[in-house]
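What the coordinates show
Letter by letter, the chains look like this.
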Amino acid sequence: MNATDKLLESNPFEFSEVSKKLFLESFKENALNHYEKHEFTKKLWDKLHFHPSDLKTEKDLEAVPGTMVHLYKEHEFLSVPKKDLALILTSSGTGGQKSQQFLDLQSLNNVKKLALRIHQELGMASSKEYNYLCFTYDPKVANDLGTAFTDELLTNFTGKKEVYYAIQWNEDEKQFALNEKGVLEALNRFASSPYSTRILGFPAFLYEIIEKHNIQLNLGEDSWLQTGGGWKGKSDKEIPKREFRKFIENRLGIPERNQRDLFGMVEHGIPYVDCEEGNLHIPNYARVFVRSPYDLSLRPKGERGLLHFLCSYNFSYPAPSLLTTDYGRVGSCRCRIGGDTLILEGRAGVSKHKGCALKALELLERT
Ligand SMILES: [Zn+2]
């Protein structure tokens, strides 16, 4: 068993010295793979006098050079021949800059496994059957889109009864559209079903549809809301998380503790998921550093800066050390999960990356 297999067998929220060492070994294995197989990564690291064999302690991880996220949008970076890929994930960005990630079969299995482990530990996986309302594209027609993939993955963490995809392909208009009538029917059907409901999607979608139709339902104590994608493009209407959680509990009967947000980036792939308290926990399958936007020096815990992510599960896509244009901080939480939390504080620059979320919000504007 290689080091990454061992890491993904381990509890994502155990932060002992042994666990931390598992991540270090896995990262080293992954970094060495990309150093040997991806010419740009080798040249960059050589130039900056970094070699994966320098990684001997947890602290050494801070010295791994970050590669700017823009480069992955502008170039097709791969560490395997293209024919070996099992899945290409893209976000439906507009304006030509699309986010993507390439996965060979091993890496795809790794990301599925780590997502399952994280959701299991956060108490979100279950063998019970649920009805699903997904505010995203039907994966049958949009299989390579990040959010559709995420939703299909998330619905596999429990048993499934009906799955309703709210954004559907309109053959006449040759584009995706939100089926608002279908959503209202599904919500009513689910409210009277003996099975509990799980809603997946962008918070803005759900908020607007509840307000517009004055929805008041009780989906039951064991129903869940899993949001992702943020309020991008609708930030003028953004409701603070705590208030949003109360609103959803009042209108849909979904308890606050069962409302979980997820942050993920297509290029990075690690899901950062809310605990019961509503804080995004950082698993031991990743490291998050916060850097000064001026000189990229490391900022201490609690201080704001650019987010720099490390991960080790993808052997086909050379993004083990991704420097983003997102601002954030590393914090902590009082809950049982432990470890650090990720606090997001918006994007540097303006509208440079229109992701899936924004594209979907444009759909919402049209309906
Ligand atoms: Zn927590």
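Everything that follows concerns the structure shown earlier in this document.
Below is a summary of the structure that appears in this document. (Residues numbered from 1 in each chain as written. Predicted model: local features only at pLDDT ≥ 70, side-chain atom pairs only at ≥ 80, totals over all residues. Heavy atoms only, no water.)

1. Some thoughts on the coordination of the zinc ion
Those donors, Cys275 (SG), His281 (NE2), Cys333 (SG) and Cys335 (SG), are the protein atoms that reach the zinc ion, and they lie 2.1 to 2.3 Å from it. Taken together, the 4 donor atoms coordinating the zinc ion and their angles of 103 to 116 degrees define a geometry best described as tetrahedral. All donors of the zinc ion belong to a single chain; written as a sequence motif, their spacing is C-x5-H-x51-C-x1-C. Here cysteine 275 is found in the loop between β10 (272-274) and β11 (280-281), whereas its partner cysteine 335 is found in the loop between β14 (321-332) and β15 (340-347), with 60 residues between them in sequence. Across the pair, exposure class does not vary: cysteine 275 and cysteine 335 are buried alike. (Donors = N, O, S within 2.8 Å, 3.2 Å for Na, K, Ca; no water. Tetrahedral: all angles 85-135°; square planar, octahedral: opposite > 155°, others 65-115°. Helix = DSSP H or I, 4+ residues; strand = E, 2+ residues; numbered from the N terminus. Buried < 20%, exposed > 50% of the residue type's maximum accessible area, 1.4 Å probe, protein only.)

2. Quick notes on the side chain of asparagine 110
Mapped onto the secondary structure, asparagine 110 falls in helix α5 (residues 105-121). Here asparagine 110 is in contact with Thr4, Asp5, Leu8, Tyr313 and Phe315, once residues within four sequence places are set aside. (Contact = heavy atoms within 4.5 Å.)

3. Quick notes on the packing of aromatic side chains
For the coordinates displayed, the defined rule picks out 14 aromatic pairs. Pairing phenylalanine 263 with phenylalanine 309 gives two aromatic rings, centres 6.3 Å apart and planes at 35 degrees, and the pair type is tilted. In this pair, phenylalanine 263 is assigned in strand β9 (residues 259-263) and phenylalanine 309 in strand β13 (residues 305-311), connecting sequence segments 46 residues apart. Summarising the burial analysis for this pair, phenylalanine 263 and phenylalanine 309 share the class buried. An aromatic cluster is built from Phe40, Tyr72, Phe77, Phe102 and Tyr317, whose rings are joined through pairwise contacts. The ring of tyrosine 130 carries the charged tip of arginine 198 above its face, separated from the ring centre by 4.2 Å. The ring of tyrosine 327 carries the charged tip of arginine 304 above its face, separated from the ring centre by 4.2 Å. (Phe/Tyr/Trp six-rings, centres within 6.5 Å; stacked < 30°, edge-to-face > 60°. Lys NZ or Arg CZ within 6 Å of the ring centre and 35° of its normal.)

4. So, the environment of serine 223
Following the sequence through the fold, serine 223 ends up in the loop between α8 (203-212) and β8 (224-228). Along the backbone, serine 223 and glutamine 259 are 36 residues apart, and their C-alpha atoms lie at a distance of 8.9 Å. In contact with serine 223, other than residues within four places in its own chain, are Ser196, Thr197, Ile254, Pro255 and Asn258.

5. Here's the deal with the pattern of salt bridges
Tallying each qualifying case throughout the model produces 23 salt bridges. Here glutamate 62 ties to lysine 59 by a salt bridge, and the two come within 2.8 Å at their closest N and O atoms. Glutamate 62 gets classed as partly exposed once you look at its relative accessible area, which sits at 27%. In this structure, the salt-bridge partner of lysine 73 is glutamate 267, at a minimum N-O distance of 2.9 Å. With a gap of 194 residues between them, lysine 73 in helix α4 (residues 69-74) and glutamate 267 in the loop between β9 and β10 connect regions that are remote in the sequence. Judged by relative accessible area, which is 12%, lysine 73 ranks as buried. What you see here is one network of salt bridges that share partners, running through Arg304, Arg329 and Glu345. (Salt bridge = Lys/Arg side-chain N within 4 Å of Asp/Glu carboxyl O.)

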